[in-house]
Amino acid sequence: MAEIRLDLAHAYHPNPQRDEDYALLPLKMTFRDGGAYALLGPSGCGKTTMLNIISGLLQPSQGHVWFDNEDVTQASPQKRNIAQVFQFPVIYDTMTVAENLGFPLKNRKVPKDQITKRVGEIAEMLEMSHQLDMRAAGLSADQKQKISLGRGLVRPDVSAVLFDEPLTVIDPHLKWQLRRKLKQIHHELKLTLIYVTHDQVEALTFADEVVVMTRGKAVQVGTAEALFERPAHTFVGHFIGSPGMNFLPIQINGEICSVHGHLVTIPDSVKLPEHATKIGIRPEYLRVSPTEQPGTLNAGVTQVQDVGTYILVTCQVDQTPVRIRLSPQSQRPEPGDEVYLHLIDSHTCFYQDEELV
Amino acid sequence: MELTLSNVSKAVSGQPYLYPLNLQLEPNQVTVLLGATQAGKTTLMRIMAGLDRPSEGQVFVDGTDVTGTPVRERNIAMVYQQFINYPSMTVFDNIASPLKLSKAKNIEEKVRALAEKLRIDMFLNRLPAELSGGQQQRVALARALAKNAPLMLLDEPLVNLDYKLREDLRAELSALFAAGDSTVVYATTEPGEALLLGGHTAVLDKGSLLQYGPTATVFHRPASVQVAKAFSDPPINLVQAHRTETGVRLPNGQEMPITLPVQAPEALTLGIRANALDLSESANNLQIAGRVDLAEISGSDTFVHVQTDLGPMVAQLTGVHNLALGANLCLNLNPEHVYVFEPDGPLLVAPAMSGEVA
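Description of the overall build of chain A
Phase 1 of the analysis: Assigned secondary structure in chain A consists of nine helices and 22 strands.
Phase 2 of the analysis: By its C-alpha atoms, chain A is 75 × 50 × 35 Å across when sized along the principal axes.
Phase 3 of the analysis: Looking at chain A residue by residue over its 357 residues, the buried ones come to 41%.
Phase 4 of the analysis: For chain A, the proportion of contacts with a sequence separation of at least 24, taken over those separated by at least 6, is 68%.

Considering the overall build of chain B
Phase 1 of the analysis: Each helix and strand counted, chain B has eight helices and 21 strands in total.
Phase 2 of the analysis: Judged by the C-alpha coordinates and their principal axes, chain B covers about 70 × 45 × 40 Å.
Phase 3 of the analysis: Looking at the 358 residues of chain B, the share that counts as buried comes to 43%.
Phase 4 of the analysis: Long-range pairs, those at least 24 residues apart, make up 63% of the contacts in chain B with a sequence separation of at least 6.

Brief notes about the packing of helix α2 (residues 91-101) of chain B against helix α3 (residues 107-117) of chain B
Residues and elements named next belong to chain B.
Phase 1 of the analysis: Axis separation between α2 and α3 bottoms out at 10 Å; the angle between their running directions is 125°. If you check the angle between α2 and α3, you find them oblique. The handedness of the crossing between α2 and α3 is right-handed. Residues Phe92, Ile95, Ala96, Leu99 and Lys100 of α2 touch α3, and the partners they reach there are Ile107, Lys110, Val111, Leu114 and Ala115.
Phase 2 of the analysis: Among the residues forming the contact of α2 with α3, the class breakdown is eight nonpolar, no polar and two charged.

Remarks on the packing of helix α3 (residues 97-107) of chain A against helix α5 (residues 141-153) of chain A
Pairs of packed helices are described in terms of their axes, by the angle between the two and the distance that separates them.
Residues and elements named next belong to chain A.
Phase 1 of the analysis: Where α3 contacts α5, the two axes come as close as 7 Å, and the packing angle between them is 30°. Considering the relative orientation of α3 and α5, their crossing is right-handed. Contacts from Val97, Asn100, Leu101, Phe103 and Pro104 in α3 reach Ile147, Gly150 and Arg151 in α5.
Phase 2 of the analysis: When the residues that make up the contact of α3 with α5 are grouped by side-chain class, the tally is five nonpolar, two polar and one charged.

Some details on the domain arrangement of chain B
Residue and element names in this part refer to chain B.
Phase 1 of the analysis: What the domain assignment lists for chain B is domain 1 (3-226) and domain 2 (234-349).
Phase 2 of the analysis: Distance from the C-alpha centre of domain 1 to the C-alpha centre of domain 2: 36 Å.
Phase 3 of the analysis: Across the side of domain 1 that touches domain 2, the residue classes break down as three nonpolar, two polar and no charged.

So, the interface of chain A and chain B
Phase 1 of the analysis: Residue-level contacts link 32 residues of chain A with 26 residues of chain B.
Phase 2 of the analysis: Broken down by secondary-structure element, the contributors of at least two residues to the side of chain A that touches chain B are α6 (172-189), α7 (200-206), α8 (224-229) and β17 (297-306) of chain A.
Phase 3 of the analysis: For the side of chain A that touches chain B, the element with the most residues is α6 of chain A, which contributes six residues.
Phase 4 of the analysis: Here the residues of the side of chain A that touches chain B sort into twelve nonpolar, twelve polar and eight charged.

Some remarks on the environment of Lys278 of chain A
Residues and elements named next belong to chain A.
Phase 1 of the analysis: If you trace the backbone, Lys278 turns up in strand β15 (residues 278-281).
Phase 2 of the analysis: Lys278 sits in the partly exposed class, given 17 other C-beta atoms within 10 Å.
Phase 3 of the analysis: Each C-alpha atom of the pair Lys278 and Cys349 lies 8.5 Å from the other, and the pair is 71 residues apart in sequence.
Phase 4 of the analysis: Not counting chain neighbours up to four residues away, the residues in contact with Lys278 comprise Phe247, Leu248, Pro249, Ile250 and Tyr351.

A look at the environment of Ala136 of chain A
Residues and elements named next belong to chain A.
Phase 1 of the analysis: The residue Ala136 is located in the loop between α4 (112-125) and α5 in this model.
Phase 2 of the analysis: A C-alpha to C-alpha distance of 14 Å links Ala136 and Leu149, two positions 13 residues apart in sequence.
Phase 3 of the analysis: The residues touching Ala136, leaving out its near neighbours within four places in the chain, are Ile91, Tyr92, Asp93, Met95, Thr96, Val97, Asn100, Lys144 and Ile147.

Comments concerning the pairing of strand β3 (residues 30-34) of chain B
Residues and elements named next belong to chain B.
Phase 1 of the analysis: Among the five residues in β3, five count as buried, and that is most of the element.
Phase 2 of the analysis: By the alternation rule, side chains of β3 split into Val30, Val32 and Leu34 and Thr31 and Leu33, which are all buried.
Phase 3 of the analysis: For β3 and strand β8 (residues 183-188), the ladder comprises five bridges, and the chain directions are parallel. Counted as the bridge partner of Val30 is Val184 from β8.
Phase 4 of the analysis: The pairing of β3 with strand β9 (residues 200-205) spans four bridges and is parallel.

Things to note about the sheet that holds strand β5 (residues 70-71) of chain A
All names here are of chain A.
Phase 1 of the analysis: Ordered by their spatial adjacency, four strands build an open sheet running β2-β1-β4-β5, and the pairing between neighbours is antiparallel. Looking along the sheet, the strands with just one partner apiece sit at the ends: β2 (24-31) and β5.
Phase 2 of the analysis: In the sheet, strand β1 (residues 4-10) pairs with β2 via six bridges, with the strands oriented antiparallel. Each residue of the ladder has a partner; that of Asp7, found in β2, is Lys28.
Phase 3 of the analysis: Sheet contacts for helix α1 (residues 47-55): β1, β2 and β4 (62-67); angle to β1, the most-contacted strand, approximately 125°.

A few points about the nonpolar core
Phase 1 of the analysis: Ala38 and Val210 of chain A together with Ile95 of chain B are the most contacted members of the largest nonpolar core, which totals 168 residues.
Phase 2 of the analysis: In terms of residue count, the dominant contributor to this core is helix α4 (residues 133-147) of chain B (seven residues).
Phase 3 of the analysis: Leave out the neighbours within four places in its chain, and Val210 of chain A touches Ala38, Leu40, Ala203, Leu204, Gly222, Ala224 and Leu227 of chain A.
Phase 4 of the analysis: Ranked by size, the runner-up nonpolar core spans 23 residues in total, among them Ile250, Leu341, Phe350 and Tyr351 of chain A.

What about unusual backbone geometry?
Phase 1 of the analysis: Residue Pro243 of chain A is reached from Ser242 of chain A by a cis peptide bond, and omega for that bond is -15°.
Phase 2 of the analysis: With respect to the helices and strands, Pro243 of chain A occurs in the loop between α9 (234-239) and β11 (246-249).
Phase 3 of the analysis: Residue Pro234 of chain B is bonded to the preceding Asp233 of chain B through a cis peptide linkage, with omega at 0°.
Phase 4 of the analysis: Position of Pro234 of chain B among the secondary structure elements: in the loop between α8 (225-230) and β11 (237-243).
Phase 5 of the analysis: Here Asn81 of chain A, not a glycine, exhibits a phi torsion of approximately 60°, which is positive.
Phase 6 of the analysis: Of note, Asn81 of chain A is situated in the loop between α2 (77-80) and β6 (82-85).
Phase 7 of the analysis: Residue classification places Asn81 of chain A among the partly exposed positions, given that 18 C-beta atoms sit within 10 Å.
Phase 8 of the analysis: Positioned with a positive phi, Asn7 of chain B is a non-glycine residue whose angle comes to about 55°.

Definitions and limits used
- Residues numbered from 1 in each chain as written.
- Chains lettered and ligands numbered in written order.
- Predicted model: local features only at pLDDT ≥ 70, side-chain atom pairs only at ≥ 80, totals over all residues.
- Helix = DSSP H or I, 4+ residues; strand = E, 2+ residues; numbered from the N terminus.
- Buried ≥ 20, exposed ≤ 12 C-beta atoms within 10 Å, placed from the backbone.
- Contact = placed C-beta atoms within 7 Å.
- Axes fitted to C-alpha atoms, helices over the stretch in contact; angles between N-to-C directions.
- Parallel < 35°, antiparallel > 145°, perpendicular 65-115°, else oblique.
- Left-handed = near helix turned anticlockwise from the far one by under 90°.
- Nonpolar A, V, L, I, M, F, W, Y, C, P; charged D, E, K, R; others polar.
- Domains from an automatic or database assignment.
- Pairing = 2+ DSSP bridges.
- Core = buried A, V, L, I, M, F, W, Y, C linked by C-beta atoms within 7 Å.

Listed below in structure tokens is the structure:
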């Protein structure tokens, strides 16, 4: 196992000039030894590029990769001692489950009794012990993918295990069980795991820390809680949570804050950051009053949806839609009603140039 | 436009795909066909479109029998899971094609207005292959909307897109449907999508139509345990229970006060939706002790899988909760939030709906 350190950038074409020319903008990052990480972002955000640079399938166009302070920038995936699991099962149909699981160990000439022992442990964790002597050919797609996962985890001495959307082929009803397995295995084996996905549930559930990426940039590295409560970038606020965070432009002048020309109340517990130009507030935390109160902002309700577990209210503040999540028990407004928003409290985030201040 | 299916069924080489059903779609509104894969959604939609002929029964459009009238003789717009566009035409020409066919006026203006609404106006001169999947599906949607057909059929149109894109497009589509006057049929496997689209929902399961009604009503008042299962994500927790003098007794001996109708049988099935369980403690509520199997975090919600002595259960908690694997916790259940079903399915008791006096 290793601590992985990156200080690099990558462009697929020579002489990158503008930000758009980079698949991965200059970044510095450290993956802790034994940590579970997820790289999360929409397609084209650079997450797979980063994974391929870590594994050694791709060499960064500038900068370095270190594994435990050893510069491995030029080293092949084999040299880096990396295990990988891909979207689709890669297994040998003619071999048994046990032979498939033990293959990486056999390749490295590990003694037979040790292979049997380790394969037994991994099969136990994946609940495949009863299938060890079966031919892989007869298994379902998700069983085969379980073998791929097991083979990725079988070598105790790898620097890291990299996963590229490994649960794509898994039936939705079985996904949570495999997520649980992966989490359990991480607790037991303490391997460094890096997991690429565009699915927020997968990332937030699996990882200790999530790297959120957009347009070649890692905009935040944080726990699920940090990404939800304190998004470091407006993209994170938008991307995490359904619906995402609401954003409104503000003007701050000393102790006074106004939104669309309305003065809004600032609770004593909140200190106004001087240069903020935007506030972000989650639909879950936005409080509304049915009648006007000092320091609130009025908004016209355009849509009220009963989403079953909560009521989703959409209102308009000067062309900007603002969404509010109300509990089913609360009093619900009607489309056309005017509501009054309490915009600033301890949950409100302030932004300048899309970054949290 | 009024679409009515009368005793429609479909069998393929003796295999029943759709059992006889009657359905009168709410005119000029959205109807969601909700069901798992193989429930019969696509089969039903193809019959509505005239792509397939029902084995039995009739299809009426505004009172006229159109059973067997082929799709090209009917004015219908369709959108499929896969993005289908004319590969050699620009985005503009793709959207304009139904307008040209119908010899519409102001084609340029109409195409631009639709493209703007679906945020693809910057790609009008490009070919579909030069766009991302989400953008290509927007082109297909814009073309379907351009046709302005009285009946629009959408078969899981967002299933192949990233969830954030899905969220944005779904909101745009429901606004467009509300603004237009087409009768829209929208198939999905996701209960959450049905609720966000609103309108009416028809719940299908294994080829049978189980229930049809306003979406929120079907969700809050599922006619049977089968509907409740099809219309719950995460899955509804089901617990077998026995009737007592004051309510019900659970298999672990715990009792809960619930007012049951007089005809309620001895054996009952309780349905507990994931959001009825939380971690707060209240004296009147039932406490269910358990151990965490996994906490799945979506950001806005945490779905906690818990092993309890009532079996495995799922609780939906608002916000981010970091609960370690194997941690002990106590789920809290308000008896007023419990559904009660007869053992073979029909609903006996449902919780009060929001805005309703209990």
